[in-house]
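# Fold and contact review
These are the residues of each chain, in order.
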Amino acid sequence: MTWTPEPLDEFDRITTQVRMVSPLQTLFAQAEEELLATRPEGFTPEDIGRRAWDLLPEAEREQAFAELLYAYWETVVADRETWARHDAGGAR
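In every chain, residue numbers begin from 1 and rise along the written sequence. Under the rules for a predicted model, residues below a pLDDT of 70 receive no local features and side-chain atom pairs below 80 are neither given nor counted, while totals for whole chains, interfaces and linings still include all residues. To get the side-chain values, take all heavy atoms of the structure and skip hydrogens and water.

### Digging into the packing of helix H2 (residues 23-38) against helix H3 (residues 45-55)
Axis definition: a line fitted to C-alpha atoms, limited for helices to the stretch in contact. Angles are taken between N-to-C directions and run from 0 to 180 degrees. Secondary structure is summarised from DSSP: a helix means a run of H or I of at least four residues, a strand means a run of E of at least two, and numbering begins at the N terminus for each. The geometry of H2 relative to H3 is characterised by a closest axis approach of 8 Å and an angle of 120° between their N-to-C directions. On the basis of the axis angle, H2 is oblique to H3. For the pair H2 and H3, the crossing hand works out as right-handed. Contacts from Leu 27, Phe 28, Gln 30, Ala 31, Glu 32, Glu 34 and Leu 35 of H2 reach H3 at Asp 47, Ile 48, Gly 49, Arg 51, Ala 52 and Leu 55. For the contact of H2 with H3, the per-class residue count stands at seven nonpolar, two polar and four charged. Angles are sorted into four bins: roughly parallel if under 35 degrees, roughly antiparallel if over 145, roughly perpendicular if 65 to 115, and oblique for all others. Throughout, a crossing is termed right-handed when the near helix is turned clockwise from the far one, and left-handed when it is turned anticlockwise from it by less than a right angle. Here a residue-residue contact requires only that any non-hydrogen atoms of the pair lie within 4.5 Å. Side-chain classes are defined by residue name, with Ala, Val, Leu, Ile, Met, Phe, Trp, Tyr, Cys and Pro counting as nonpolar, Asp, Glu, Lys and Arg as charged, and the others, Gly among them, as polar.

### Notes on helix H4 (residues 61-87)
Expected span, for any helix, means 1.5 Å times one less than how many residues it has. For H4, with 27 residues, the first-to-last C-alpha span of 39 Å sits near the 39 Å given by 1.5 Å per residue. Throughout this description, buried means an accessible area under 20% of the type-specific maximum (1.4 Å probe, protein chains only), exposed means over 50%, and partly exposed covers the range between. Of all the positions in H4, only Arg 61, Ala 64 and Val 76 are classed as buried. The elements touched by buried residues of H4 are H2 and H3. The positive-phi residue at the C-terminal boundary of H4 is Gly 89, with phi of around 90°.

### Considering H2
Along its 16 residues, H2 runs 22 Å from first to last C-alpha, staying within 8% of the 22 Å computed at 1.5 Å per residue. For H2, the complete set of buried residues consists of Leu 24, Leu 27, Ala 31 and Leu 35. Down the axis of H2, the buried side of the element spans an arc of 75°, and every buried residue falls inside it. With respect to the buried face of H2, the exposed residues turned more than 90 degrees away are Glu 33, Leu 36 and Ala 37. Summarising the contacts, the buried residues of H2 are in contact with H3 and H4. What the arc measures is the spread of directions leading from the helix axis to the C-beta atoms.

### Observations regarding a nonpolar patch on the surface
Taken together, the side chains of Phe 65, Leu 68 and Leu 69 define a hydrophobic patch exposed on the protein surface, amounting to about 280 Å² of accessible area. Assignment of secondary structure puts Leu 69 in helix H4. The exposure class assigned to Leu 69 is partly exposed, which follows from its relative accessible area of 47%. Patch membership needs two things, relative accessible area over 30% and no salt bridge, and members are linked within 9 Å if like-charged or within 5 Å if nonpolar (Val, Leu, Ile, Met, Phe, Trp, Tyr). The Shrake-Rupley method, run with a 1.4 Å probe, gives the accessible areas here. Residue values count only the displayed protein chains as cover. Note on definitions: salt bridges are taken to be side-chain nitrogens of Lys or Arg within 4 Å of carboxyl oxygens of Asp or Glu.

All quantities given are derived from atomic positions and should not be read as evidence of function.
In structure tokens:
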């Protein structure tokens, strides 16, 4: 037996084109805005991350931590692919 998805209704068609934003992304943006307003002399990405983490409700931290790990892993994989292309002579 093969599973066949039901056709998308109008709502599903529209929402599949909308980028999902996680609570962590939202709080990173909020933290950056706060730091821009309160530290015109500058700040680090770590400052943004720590502020975002502090703003995150405790109940959402486990999911956010997993999201951070996946984001880091995606960066590692992308870096490996870039170096592999570079080593093969096809740097782009």
